[in-house]
Amino acid sequence: MAAERKSPHPVRLGTVQETLLIPLYGRAVESRKAEAVLRDPVAEEMVAAIDYDFSRFDGGSSLIGAVLRTHLFDHWVRGFLADHPDATVVEIGTGLNTRHERADNGRAHWFELDLPDVIEVRRTFFADTPRRTMLAASVLDDGWTAAPLATDGPYLLAAEAVLPYLPEEDARRAFDLLGERFPGALLAFDTTGPGMVDTQDGHDALSKVEARLRWNCPDPGVLEDWRQGNRLLASHTFTTLPAEVHDGLPAEYRDMIATMAEMRLPQVEDYRLNLLRLG
Ligand SMILES: C[S@@+](CC[C@H](N)C(=O)[O-])C[C@H]1O[C@@H](n2cnc3c(N)ncnc32)[C@H](O)[C@@H]1O
């Protein structure tokens, strides 16, 4: 964290923006475990610095879900940068994610996009560098793509826990814009189906915030119909993670996943982590 931080400060975030605090807290809690999926000392520092009652998110499985999701997205980004070390990664709805800290290779360019109030908070913890640029805009705005497009591709776009909060017509607009501006790019994103959308008022973390999931997408295969040339390269649930990710998890997590797989919970089976090649 290059920028100066003030000690405990309140965050003033819009409704959907507040949801960034769930995965942030998940990574901080995870980082303190003896056997952890990932280490994130920067998330620990941010949670300590932000004046917010994070304890409301304790006790459920959502924090672990957020950690597993970000771990898979990290895996995709690392694989992409291994193949294309000078490429460009665009974090869409970056929140206070720290993927750059975890996965940067010292060569790639990174753009971190979120709504203006989020970027204002983010700038109290991080600073732009010649290879890392924050962008304050909605993914639906036209103008933000100019900066990443002025750097070299290929591009990987990571929209982690962002698009399900949009109404479907806005999700479609986002896919249209991304496909038009970044044809051939990889897009990592998640989708939720009715098992999650219809039960969210009882969800252990979402029930503690006002934001609600809007885009109900039981089959991410439909994305291939949304734009000619779109190809869904991978689609995983937490119970069908790629072997190279699953097998590297601490034993406790592998056991938990095996139990979840037996239970076939709709909210788990309907939640998918996807990798799309934009047409
Ligand atoms: C659940 S948080 C996820 C944050 C981050 N991706 C992570 O995994 O830690 C959802 C994020 O999406 C952002 N977001 C929601 N709508 C957006 C939009 N139209 N354009 C850009 N970002 C948006 C929110 O501000 C918030 O930071």
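Structural data are supplied above this passage.
Every value quoted in this text rests on a predicted model; they were computed, and no experiment measured them.

Q: Even after reading the chapter, I still don't get the site of the ligand, so can you show me in this structure?
A: Residues in close proximity to the ligand total 20 residues, the closest being Gly-93, Asp-114, Ser-138, Val-139 and Glu-160. Within the side chain of Asn-97, one N or O atom sits 3.3 Å away from an oxygen atom of the ligand. For the ligand, an oxygen atom lies 2.6 Å from a polar atom in the side chain of Asp-114. Surface burial for the ligand is 97%, taken as the share of its 590 Å² of free accessible area covered by protein chains. Within the shell around the ligand, the residues separate by chemical class into ten nonpolar, seven polar and three charged.

Q: Looking at this structure, I do not really get the sheet that holds strand 3 (residues 88-92). What am I missing?
A: The seven strands lie next to each other as 5-4-3-6-7-9-8, forming an open sheet whose pairing is mixed. Sheet topology places strand 5 (132-136) and strand 8 (231-236) at the edges, where each strand pairs with a single neighbour. Looking at each pair of strands side by side, their axes are set apart by 20 degrees on average, direction ignored. Of the strand pairs in this sheet, strand 7 (residues 186-191) and strand 9 (residues 272-277) are connected by six bridges, and their pairing is antiparallel.

Q: Looking at this structure, how should I read the environment of Phe-175?
A: Looking at the secondary structure, you find Phe-175 in helix 7 (residues 168-181). Linking Phe-175 and Trp-226, residues 51 residues apart in sequence, is a C-alpha distance of 8.1 Å.

Q: Mind showing me how you'd approach helix 11 (residues 251-263) here?
A: Since one α-helical turn is 3.6 residues long, residues separated by three or four positions face the same way. Here helix 11 contains 13 residues, and its C-alpha end-to-end distance of 19 Å stays within 8% of the 18 Å for a straight helix at 1.5 Å per residue. Against the buried residues of helix 11 lie helix 1 (21-31), helix 3 (62-83), helix 10 (243-246) and helix 12 (266-269). Immediately downstream of helix 11, the backbone of Arg-264 shows phi near 45 degrees, a positive value.

Q: Please clarify how the pattern of salt bridges should be interpreted in this entry.
A: For side chains of opposite charge, pairing can occur when their charged atoms come near one another. A full pass over the atoms with the stated rule returns 22 salt bridges. When the shortest N-O distance is used, the salt bridge between Arg-99 and Asp-74 registers 2.8 Å. Of this pair, Arg-99 sits in helix 4 (residues 99-103) while Asp-74 is found in helix 3, placing the two residues 25 residues apart along the sequence. Its relative accessible area of 1% is what places Arg-99 among the buried residues. In this structure, the salt-bridge partner of Glu-168 is Arg-172, at a minimum N-O distance of 3.3 Å. Remark: Arg-172 and Glu-168 occur in helix 7; sequence separation between them is four residues, near one turn of the helix.

Q: Looking at this structure, how should I read unusual backbone geometry?
A: For residues besides glycine, phi is generally negative; the peptide bonds are generally trans as well. Note the cis peptide between Gly-153 and Pro-154, where omega equals -5 degrees. Position of Pro-154 among the secondary structure elements: in the loop between helix 6 (146-149) and strand 6 (155-159). Despite not being glycine, Ala-161 has its phi angle at roughly 60 degrees, a positive value. If you trace the backbone, Ala-161 turns up in the loop between strand 6 and helix 7. For Arg-264, which is not glycine, the phi dihedral falls at a positive 45 degrees. Relative to the assigned elements, Arg-264 resides in the loop between helix 11 and helix 12.

Q: Is there a simple way to think about the pairing of strand 3 in this case?
A: Regular strands place their side chains on alternate faces of the sheet. Of all five residues in strand 3, five are buried; the element is thus mostly enclosed. Residue alternation in strand 3 divides its side chains into two sets, Thr-88, Val-90 and Ile-92 and Val-89 and Glu-91, and both sets are buried. Inspection of the sheet shows strand 3 paired to strand 4 (residues 109-114) by five bridges, in the parallel sense. When the sheet's bridge partners are listed, Val-90 is paired in strand 4 with Phe-111.

Definitions and limits used
Residues numbered from 1 in each chain as written. Predicted model: local features only at pLDDT ≥ 70, side-chain atom pairs only at ≥ 80, totals over all residues. Heavy atoms only, no water. Near = heavy atom within 4 Å. Polar contact = N/O pair within 3.5 Å; in protein donor to acceptor, adjacent residues only side chain to side chain. Areas by Shrake-Rupley, 256 points an atom, 1.4 Å probe, with all protein chains shown as cover. Nonpolar A, V, L, I, M, F, W, Y, C, P; charged D, E, K, R; others polar. Pairing = 2+ DSSP bridges. Helix = DSSP H or I, 4+ residues; strand = E, 2+ residues; numbered from the N terminus. Axes fitted to C-alpha atoms, helices over the stretch in contact; angles between N-to-C directions. Expected span 1.5 Å × (residues − 1). Contact = heavy atoms within 4.5 Å. Salt bridge = Lys/Arg side-chain N within 4 Å of Asp/Glu carboxyl O. Buried < 20%, exposed > 50% of the residue type's maximum accessible area, 1.4 Å probe, protein only.

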